[in-house]
Amino acid sequence: MGTQPLKERILIVGAPAFAEDLGGMFLEQGYPTAVLVWDGEPPFALSPDLEAEARSAALALEILPFPIESKQALIALLDERLPPEAPLLSLCLTVSATQVARWTRRPGRVVGFAALPPLTRETPIELAIPLTGDPTALKPAKAYLERIGLRIEVIRDAVGMALPRILCALINEAAFAVMEGIASPEDIDTAMKLGMNYPRGPLEWGDLLGLDLVVAILDALEAEHQNGAYRASPLLRQMVRAGRLGRKTGRGFYVWG
Amino acid sequence: MERVGIVGAGTMGRGIAYVAITHGAQVTLYDVAPGALESAAAQIEAWLREAMGKGRLDEAEAQRARERLRLSTALEDFAQAEVIIEAAPEDLALKQEIFRQLDRACPPDAILASNTSSLSITALGAVTRRPERVGGMHFFNPAPVMRLVEIVRGLATSEETLRALSDLARRWGKTPVLVKDTPGFIVNRVARPFYLEALRLVGESVADPSTVDRLVRALGFRMGPFELMDLIGLDVNLAVSESLYRAFFEEPRFRPHPLQRQMVQAGRLGRKTGRGWYEYP
Ligand SMILES: NC(=O)c1ccc[n+]([C@@H]2O[C@H](COP(=O)([O-])OP(=O)(O)OC[C@H]3O[C@@H](n4cnc5c(N)ncnc54)[C@H](O)[C@@H]3O)[C@@H](O)[C@H]2O)c1
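Residues numbered from 1 in each chain as written. Chains lettered and ligands numbered in written order. Predicted model: local features only at pLDDT ≥ 70, side-chain atom pairs only at ≥ 80, totals over all residues. Heavy atoms only, no water.

Chemist: I tried to follow the overall build of chain B on my own but got confused; where do I start?
Modeler: Within chain B, the regular secondary structure consists of twelve helices and eight strands. In terms of overall dimensions, chain B is globule-like: its C-alpha atoms have a radius of gyration of 20 Å, near the 19 Å expected for 281 residues. By sequence separation, contacts in chain B at least 24 residues apart represent 65% of the contacts at least 6 residues apart. Counting only carbon and sulfur atoms, one obtains 52% of the accessible surface of chain B, whose full area is about 12,100 Å². Between the mean site of the 36 positive side-chain charges and the mean site of the 35 negative ones, chain B shows a separation of 3 Å. (Helix = DSSP H or I, 4+ residues; strand = E, 2+ residues; numbered from the N terminus. Rg over C-alpha atoms; globule rule 2.2 N^0.38 Å. Contact = heavy atoms within 4.5 Å. Areas by Shrake-Rupley, 256 points an atom, 1.4 Å probe, with all protein chains shown as cover. Lys, Arg positive; Asp, Glu negative; His and termini not counted. Charge placed at Lys NZ, Arg CZ, Asp CG, Glu CD.)

Chemist: Please clarify how the domain arrangement of chain A should be interpreted in this entry.
Modeler: Think of interface size as the accessible area that goes away when the parts come together; that is how it is often given. Residues and elements named next belong to chain A. Its domain assignment divides chain A into domain 1 (10–154) and domain 2 (163–249). Placing a centre on the C-alpha atoms of domain 1 and another on those of domain 2 gives a separation of 26 Å. Contact with domain 1, which involves ten residues of that partner, is made by eleven residues of domain 2. Both faces considered, domain 1 and domain 2 share a buried interface measuring about 950 Å² in area, 79% of it formed by carbon and sulfur atoms. Remark: the boundary between domain 1 and domain 2 carries zero salt bridges. For the side of domain 1 that touches domain 2, the per-class residue count stands at eight nonpolar, one polar and one charged. (Domains from an automatic or database assignment. Buried area = accessible area lost by both parts, 1.4 Å probe. Salt bridge = Lys/Arg side-chain N within 4 Å of Asp/Glu carboxyl O. Nonpolar A, V, L, I, M, F, W, Y, C, P; charged D, E, K, R; others polar.)

Chemist: Would you mind going over the sheet that holds strand S7 (residues 151–154) of chain A with me for this structure?
Modeler: Residues and elements named next belong to chain A. Taking strand neighbours across the sheet as the criterion, the seven strands line up as S2-S1-S3-S4-S5-S6-S7 in an open arrangement whose pairing is mixed. A strand with exactly one partner marks an edge of an open sheet, and here the two such strands are strand S2 (33–37) and S7. On average, adjacent strands in this sheet sit at an angle of 25° to one another, irrespective of strand direction. As paired elements, strand S6 (residues 124–128) and S7 share four bridges and run parallel to each other. Residue pairing across strands places Pro124 opposite Arg151, the latter belonging to S7. (Pairing = 2+ DSSP bridges. Axes fitted to C-alpha atoms, helices over the stretch in contact; angles between N-to-C directions.)

Chemist: Got a minute to help me understand the interface of chain B and chain A in this structure?
Modeler: At the junction of the two partners, chain B supplies 43 residues and chain A supplies 45 residues. Put simply, chain B and chain A have seven salt bridges between them. In this structure, A:Glu173 engages B:Arg253 in a salt bridge whose closest nitrogen and oxygen atoms are separated by 2.6 Å. Our count for the chain B to chain A interface comes out at twelve residue pairs in polar contact (both at pLDDT 80 or more). Going through the elements one at a time, strand S8 (175–180), helix H7 (187–190), helix H8 (192–203) and helix H9 (209–218) of chain B are the ones with two or more residues in the side of chain B that touches chain A. Considering every element that reaches the side of chain B that touches chain A, the biggest residue donor is H8(B), with seven residues. Taken together, the residues of the side of chain B that touches chain A sort by class into 27 nonpolar, five polar and eleven charged. (Polar contact = N/O pair within 3.5 Å; in protein donor to acceptor, adjacent residues only side chain to side chain.)

Chemist: Looking at this structure, I do not really get the domain arrangement of chain B. What am I missing?
Modeler: Domain assignment breaks chain B into domain 1 (3–180) and domain 2 (191–273). Put simply, the middle of domain 1 of chain B and the middle of domain 2 of chain B, counted by C-alpha atoms, are 30 Å apart.

Chemist: Is there a simple way to think about the site of the ligand in this case?
Modeler: All names here are of chain B. In the vicinity of the ligand, 24 residues are found, and the nearest of them are Met12, Asp31, Glu90, Lys95 and Asn115. In this structure, an oxygen atom belonging to the ligand sits 3.2 Å away from a side-chain N or O atom of Ser117. Here the ligand, which alone exposes 830 Å², has 74% of that area covered by the protein. Those elements giving two or more residues to the shell around the ligand turn out to be helix H1 (11–21), helix H4 (92–105) and strand S6 (134–139). (Near = heavy atom within 4 Å.)

Chemist: Would you mind showing me how to read the packing of aromatic side chains here?
Modeler: Given two aromatic rings, one states the distance between the centres and the angle between the planes to describe the pair. As enumerated under the stated definition, the model contains twelve aromatic pairs over all chains in all. Ring plane angle 45° and centroid distance 5.4 Å describe the contact between A:Tyr198 and B:Phe194, whose orientation is recorded as tilted. With one member in each of two chains, A:Tyr198 in the loop between helix H7 (185–196) and helix H8 (202–209) and B:Phe194 in helix H8 form a pair that bridges those chains. With respect to class, A:Tyr198 is no different from B:Phe194; both count as buried. An aromatic cluster of at least three residues, connected via ring pairs, comprises A:Tyr198, A:Trp205, B:Phe194, B:Tyr195 and B:Phe221. A:Lys7 extends its terminal NZ or CZ atom over the ring of A:Tyr31, reaching a point 4.8 Å from the ring centre. The ring of A:Phe176 has B:Arg253 lying over it, and the distance from NZ or CZ to the ring centre is 3.7 Å. (Phe/Tyr/Trp six-rings, centres within 6.5 Å; stacked < 30°, edge-to-face > 60°. Buried < 20%, exposed > 50% of the residue type's maximum accessible area, 1.4 Å probe, protein only. Lys NZ or Arg CZ within 6 Å of the ring centre and 35° of its normal.)

Chemist: Even after reading the chapter, I still don't get the sheet that holds S6(B), so can you show me in this structure?
Modeler: What holds strands together in a sheet is hydrogen bonding between their backbones, with the strands either parallel or antiparallel. All names here are of chain B. Taken together, eight strands build an open sheet; the order of strands is S3-S2-S1-S4-S5-S6-S7-S8 and the sheet is mixed. The two strands at the open ends of the sheet, each matched to only one other strand, are strand S3 (69–72) and S8. If you compare each strand with its neighbour and ignore which way they point, the axes differ by 25° on average.

Chemist: Teacher, can you tell me more about the packing of H8(A) against helix H9 (residues 211–225) of chain A here?
Modeler: Packed helices, taken two at a time, are described by the angle their axes make and the gap between the axes. All names here are of chain A. Contact pair H8 / H9: the axes reach a minimum separation of 6 Å and the direction vectors enclose 100°. One finds that H8 runs roughly perpendicular with respect to H9. Contacts from Gly206, Asp207 and Leu209 of H8 reach H9 at Leu211, Leu213 and Val214. Here the residues of the contact of H8 with H9 are counted per class, giving four nonpolar, one polar and one charged. (Parallel < 35°, antiparallel > 145°, perpendicular 65-115°, else oblique.)

Shown next, in the form of structure tokens:
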């Protein structure tokens with residue numbers, strides 16, 4: 001038996017749980033993977049390894065859902081240091097891939113992706129190339145993600161992609177219902193599970209995603225469409241202000257142990 | 001043991017009657033259309049046999065259930081009823097007329113409940129002399145199978161009425177949830193974005209229906225929005241969308257999608273016409 005050929009180096013930079021989960025999947029498949037965690041709060045304090053890791057990466061994944069200024073700074077940094085041919089996958093929940101490409105000098109190597117935390121191997125991943133992008137960049141990006149066992153669907157680039165948009169609209173409607181006092185959060189979730197066979201109640205889902213992320217996605221959709229259809233429930237905003245973001249802070253619509 | 005009157009022996013009325021008689025209630029099932037009661041009785045018999053076949057009921061239990069069912073074409077037969085569940089066609093004027101008649105025919109302390117999916121419980125209670133004893137009891141189709149019942153609180157509905165209806169649902173093996181009388185209650189309202197966002201995605205050429213369905217199923221849903229629209233019927237789905245949009249005074253979140261209407265105009269109503277978003281040869 002010969003030694004395994006060395007696999008390409010993968011660089012993952014971004015939000016804590018998300019980046020680590022994805023990094024774990026690449027490591028399991030034997031990819032030398034660097035995971036650099038940043039929650040997007042300034043100042044930008046990434047490990048000094050970023051410089052070196054970026055220069056030797058064959059693929060980079062940027063997974064910072066928000067704030068947008070931090071995301072842009074991170075993308076610019078990766079754009080400067082990555083080898084010119086390396087695909088740059090950017091998590092596009094609150095911006096389009098076309099917007100991300102615009103921040104770089106490599107629009108042809110940018111691919112947008114959407115996935116909702118918590119990330120598991122069952123999580124479906126949506127990929128989209130920017131309007132200015134190159135369809136050939138899609139192939140390696142898709143291949144890497146398929147090799148770590150993820151399910152891929154290719155869609156056309158748009159803010160919020162497909163699933164984040166459907167799910168956030170559901171969560172928002174349920175949040176309006178809570179705000180208006182029409183039913184308790186428990187009864188709303190029970191009704192949707194028993195009446196519609198939903199795998200989870202929308203409010204429980206909001207708590208799992210993080211209500212700050214839900215509001216950020218709704219705000220991005222409302223800014224894009226400007227039609228009132230994505231107006232976030234004021235209750236969601238109040239909960240974000242109160243730090244009741246869901247599971248990650250111990251309390252959202254539910255109390256998490 | 002409760003004495004229950006059911007108005008309308010259609011899809012829902014017969015399903016609710018089956019649930020009631022198999023959980024110990026004495027049921028008077030009332031309808032005005034010729035043949036409706038016979039057809040309901042035959043369906044209930046078929047369900048009883050199916051339950052026996054699966055070992056969920058024995059012969060003695062099935063026989064007792066049969067004996068608890070009484071068919072009627074006269075509202076006077078409700079004179080002893082404790083709870084009435086109205087499951088007549090979804091038409092406010094018709095239901096209000098039925099509630100006026102029920103108010104006269106039933107004992108003054110009887111609870112009058114409606115199975116309406118989209119009409120105002122408050123507007124039904126308002127035509128009676130007992131609005132505090134009028135509430136919603138919204139079962140889901142098929143009633144013998146679906147565990148959820150939305151218990152709807154009209155503006156005048158009393159706590160006692162809500163408690164009585166919730167307890168009844170629990171005794172019948174159902175899970176009640178409590179909801180204020182508002183358009184679409186919980187399920188028909190909160191499920192709206194599931195369809196509307198999917199339609200907007202297709203309308204904007206972000207993805208095609210089968211891609212959206214695959215993604216949604218991968219997230220753990222049993223069916224994608226387009227498959228589900230085909231099952232429900234695109235005409236029915238459009239009617240619910242339009243009714244909610246009107247009821248919320250044109251709130252943009254509920255705006256129906258032109259694609260829905262176009263599919264209905266083309267007669268592509270889903271499974272029942274052999275074609276909707278998908279083909280059913
Ligand atoms: N079908 C569903 O999926 C569903 C689900 C939940 C709630 N609902 C609601 O349940 C109610 C009934 O719906 P359905 O699907 O059973 O309708 P249906 O058309 O199958 O049955 C209605 C029955 O009412 C009878 N009827 C008509 N006028 C009457 C009158 N004046 N007095 C007594 N009976 C009369 C009809 O003959 C018919 O048998 C509606 O309010 C509907 O919105 C329906």
